[in-house]
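One-letter residues, chain by chain:
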Amino acid sequence: MQVGAIERVTEVAIAVFLWALRVVVILVVVVGSALTLMSGRYSLETWSNLVVSGLTLGSIYALIALGYTMVYGILRMINFAHGEIFTSGAFAGYFIAVGLNSVGFLNASPLASLLSVVIMIAVAIAISTPLALLVERIAYRPLRNAPRLVPLISAIGASYVLQYTYRGLFGPGIYSYPSVAWLNELLPIGGLRIRVLDVLVVASAIAMMVGLYLFVMRTKMGTAIRAVSEDKETAALMGIDVNRAIVTTFALGAVMAGAAGVLYSLLYTQVYYLTGFIPGIKAFTAAVLGGIGNIPGAMLGGLFLGQVESIGPTLFLDGFGVPSPNQLKDVIAFTMLVLVLVFRPSGILGERIAKARA
Amino acid sequence: MPLLTAQQVTKRFGGLVAVNSLDFTLEQGSIVSVIGPNGAGKTTFFNCIAGFYKTDGGSISFDGTPINNLRPDQIAALKINRTYQNIRLFQNMSAIENVLVGQHRHLHTPWIASVLNTRGVREEEAAALDEARELLRYVGLQGRGDILAGKLPYGDQRRLEVARALATRPRLLLLDEPTAGMNPSEKQQMTAFIRRLRDDKGITILLIEHEMRVVMGISERITVLNYGEKLAEGTPREIQTDERVIEAYLGRSGSGDESAAQRAGGAAEPTAGAATTVTGA
Amino acid sequence: MTRALAGPGAATVAPRVAFDWRPVVRIGAIGGAVSLYLCLVGIVPVFNQRPLIIGVISLGQTALVLSLFATGFVATRKLTGTAGARFLAGGLAGGIAGAVLSALVLVGSVVPLRNVFLNASPELYDLLTFGLGTSGFWAPLVTGIALGALAGGFSLLRPRLRRSLYVGFLSVVIMGLFAGLIRTPLLSSPLENLARLLFAPEGLTPVGAVITFAVAVALNEYRRTNDLGRRYRAVPSDRRWTVIAPAAVVLSIAVLILPQTLGSFFAQVIAIVALYVMMGLGLNITLGLAGLLDLGFVAFFAVGAYTVGLLTSTGEYGIAQWSFWAAVPFAVFFAMLFGAFLGLPILGIRGDYLAIATMGFGEIIRILAGSDLLKPLLGGPRGITNIPKPFDVPPDHWLAGPNQIYYIALAGAALIAFIAWRLRGSHLGRAWLAIREDEDVAEATGINLVQTKLLAYILGAAFAGLGGAVFAALVGSIFASSIQLIVSINVVALIIVGGMGSIPGVVVGAIFLIGLPELFREFSEYRYLFYGFALIAMMRFRPEGLLPSRVTLRELHVAENEQPPDAAEGALVAQEEAG
């Protein structure tokens, strides 16, 4: 029968296609890496620098990704505006940095610089958290029971509002962070010379992630959050204040994102009203990569994505003689995302949300 | 040759064995019930037949063709269809649209023809509409085709679900608790209706039911499951008097259930073509 | 924008004052925050340069006035009690809001707020204090009290009168916004003198404002007393087209002669709207019917555009110099091919993951299109230029220039709307709806999920490809930065705001979300601010969209009880009487 023939052809086509995809990907990765490494064009130092910057960038993605993954876990909703919460932290840090610099404190001594960074992060968190709660209150809470597309559109709206609010408040220009000399000093670690800033970023990120993990696993509120993520109705029946759990989740995500905003801007020394958009998208990619709803997954996904972005272009593509391989770093990242979703839809560590059938 | 044969069918969920090495046969044109306590694996077994689950062991074949690893739409193509324990209609489509979806596999005109509204398309759609209206009439929903499925009363929704399944022109129909939530008179109507399905259309019926009056009144054979295994199998009278079944499911003497079982057993054995109804006490 | 009135109810406090002041204070504080926001984000100072009624009030001042007035109104709306209490409450709320602004002026005179907030400038303070500067810091407070009290009085009016006043004021604001756009084309027509009387170069003349107000109120009264709404609803739905048809004919004629009458700016805007309608209808099938959330939709648009570019361009990257008409079928075909190619691997992915995977695709294509790797083929960041227009006509021909794109875009949109309509009523359309309703059951009823979803994907891609083809001809070039993620997001937003699954809904959505921001280019970046608020508000108050299909309407109001038609009608009438 004609219909059956089309079906069979489609099925065969899909199977062949997926196999070809696997083969091509493996070829590109293996052959590309081999070619690049064999050409000996890049020294060990270059590679280690790339790995370090991958680690740094990955830590930031991980921090932001945690916010996405937790909100998704508890509300099944993509918090599109999370990138803008990140931006608020970046801006807050900027103004504090400028202020501290104008009184000479910022660069007064290494200790003063460190203290300044701490203050910047603290203020950033103090701004990002209420902002996130405000967004939740206005754009998400009324829509708790709506089908999933509705809060998504509302989140997109909130994202626009925040972006253009920043633009209105602070102007369209790009602001440069005042330079902090101490952060650029090199530390000898394990035979390599690594910037203080990189160490700081990674260390802060790890500290915050550990703190978050302990919170979610060991405290009463953390358990409540996990319960609500599993089954909202039953958790409510058990006497858990679902609303408070949700609000706390948003707050936790905002804390991570606000801090990440400061760290990111210290790394890239710039902030403007659209700063958060692309890192936001990448971080969400990382969360999905690791398994959405899965906290260790978000951390892993973030670090993994950072490495792929950093090393990927040079490692895989340079060997093939691809011009300007760094232009394509996002292509590698997104291709990896698509592959993970095609072949392992629940992410690397598996999602924590069960999908029932029939 | 039996219409449906299941051999050593096993289905596991993690550590739980929901269906354990089950053997089962179903003869063409019969009405058979599967009963058992909650959690006995009845719906799981249905889902294995219908392609919702893949079996972890054993095989199922329909008319000689193995079906245990086919997709649900392939199963539907083989003329096996089902209804659901919790009604699963397309809530926001009208009743007649629900039935029309059931005819999907019989509508072959390509989408380009639909855009051009060729004569072939018009004829096919008209024929489909006629058949859909006829099915609605058959299940007792004539004239209600334009009502949204979600807005129909409960009993009508169950009947609409059957109509949708009938639209696929099945040879085997799996009914999952078709009388759940109905009052006694509705149950009688549904029982008679199920018998008519077999008598008028020659459809083989496999039934999951908890309501013993319905089960005893309509089934030619009954299979009893317990903990995923077959506990007993036989005619209604044999099942009613089977010690193990009584202990596991029907209830011991002195309780009201036994008298219910006896009463149900007092009804005549269902004969093909007779419009016997079971009188409730 | 109304804020929630949640707060301790008046009933829980035995009032020794004439009203329960706590919610009033709270509303006042919120109102103050909103007014402060409007000032600092720039709406008040920047829009101050744009008059609403020339010589009387600017747009910025209007925003401020509305904010303070609304604060007072929301605070007093639900109050019971004496008239005096209303005035007091309104004044209190408005006063608190005004006090926030006064505080801004005071603080700003001491602390260099401008280092952080660009708009905390002397110009702003002058605006707030009627030119008095810091010494006039009390001015916003007084203004707030006055406006708030006025609002309290307003809430005393009967609802019918209130609604008439709303309509009047709203009409004045809208006319003021559009005044400049309407005036310019009218100047070269017989209506020139009328135009000069009513409209200033920007905004309304005082005369124009008064006349607009009066006309709007009169029309509203006419509509109400003749109960036009009821009479329309009383017409059975299959005969309604006799009412709509004449209006549709007039509208069609107007649309057809638009470039000649209103000029090419309007034509261009409508052409862009038509392009988004094409894409919206495509996504309407993929998302609205089959339920596949595709955030990489712009990729198919890109394929269509680049195909036309490559095949027709006379520049260095054109590989053939075909005519537009020969290239279009290929554009659509390649878009469909891409749809199949991208769709095959990802169709097994569920729900939100599909959104991310498709978004990834879109970005991959954008980056590849602009990359150096593919530069020899696709022109890198500069893209492909010198794409000729479809019709090669002399410059004074009525089809010259952008006008021809206008007609082609309209024709394309109409064609796609027709195809979409036919598909929706076919068995394929029903299959898509079934998949969206309950995918597993649809499969068990015999629908091959992969094939059907793939078809939705491919057809959606085809429509987007056609849109891309027209776009390439419209702009004359195509480059990677036209393929932003934001385009896909806009398309998703417009079909949801317009009404998912509904063809007129897509058109309406495109008009509101694409057309209006384009028309208001003069407000440049603030239009996105309004866009964002509009999205949030829509989802809060009308998530089914502006013109929903009956499916979406029921989906989103499932919990509501439905009364039999007569009772509902009666309730509706009673509601209208009460205002």
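In what follows, the accompanying structure is described. (Residues numbered from 1 in each chain as written. Chains lettered and ligands numbered in written order. Predicted model: local features only at pLDDT ≥ 70, side-chain atom pairs only at ≥ 80, totals over all residues. Heavy atoms only, no water.)

This part covers the sheet that holds strand S9 (residues 221–226) of chain B. Backbone hydrogen bonds hold the strands of a sheet together, and the pairing may be parallel or antiparallel. Residues and elements named next belong to chain B. Spatially, the 6 strands line up as an open sheet ordered S6-S7-S8-S3-S9-S10, and their pairing is mixed. Looking at which strands have only one partner, the edges of the open sheet turn out to be strand S6 (80–82) and strand S10 (229–234). Along the sheet, successive strands turn relative to each other by an average axial angle of 20°, direction set aside. Sheet topology places strand S7 (residues 172–176) next to strand S8 (residues 204–208); 5 bridges connect them, and they run parallel. Counterpart to aspartate 176 in the pairing with S8 is isoleucine 208. Along the sheet, helix H7 (residues 184–201) contacts strand S3 (31–35), S7 and S8; its crossing angle with S8, the most-contacted strand, is approximately 155°. (Pairing = 2+ DSSP bridges. Helix = DSSP H or I, 4+ residues; strand = E, 2+ residues; numbered from the N terminus. Axes fitted to C-alpha atoms, helices over the stretch in contact; angles between N-to-C directions. Contact = heavy atoms within 4.5 Å.)

Moving on to the interface of chain A and chain C. In this complex, chain A contributes 58 residues to the contact, which on the side of chain C involves 61 residues. Across the chain A to chain C interface the summed buried area is about 5,300 Å²; carbon plus sulfur atoms make up 76%. One can count 4 residue pairs in polar contact (both at pLDDT 80 or more) joining chain A with chain C. Of all elements in the fold, only helix H1 (2–39), helix H4 (110–140), helix H5 (149–170), helix H10 (277–290) and helix H12 (329–343) of chain A reach the threshold of two or more residues within the side of chain A that touches chain C. Among the elements that line the side of chain A that touches chain C, the one with the most residues is H5(A), at 16 residues. A breakdown of the residues in the side of chain A that touches chain C according to their chemical character gives 41 nonpolar, 9 polar and 8 charged. (Buried area = accessible area lost by both parts, 1.4 Å probe. Polar contact = N/O pair within 3.5 Å; in protein donor to acceptor, adjacent residues only side chain to side chain. Nonpolar A, V, L, I, M, F, W, Y, C, P; charged D, E, K, R; others polar.)

All names here are of chain B. The element S3 is largely enclosed, with a buried count of 5 among its 5 residues. Across the two faces of S3 the burial is the same, with Ile31, Ser33 and Ile35 and Val32 and Val34 all buried. Inspection of the sheet shows S3 paired to S8 by 4 bridges, in the parallel sense. Opposite serine 33, over in S8, you have leucine 207 as the bridge partner. Bridging between S3 and S9 involves 4 bridges; their strand directions are parallel. Counterpart to valine 32 in the pairing with S9 is arginine 221. (Buried < 20%, exposed > 50% of the residue type's maximum accessible area, 1.4 Å probe, protein only.)

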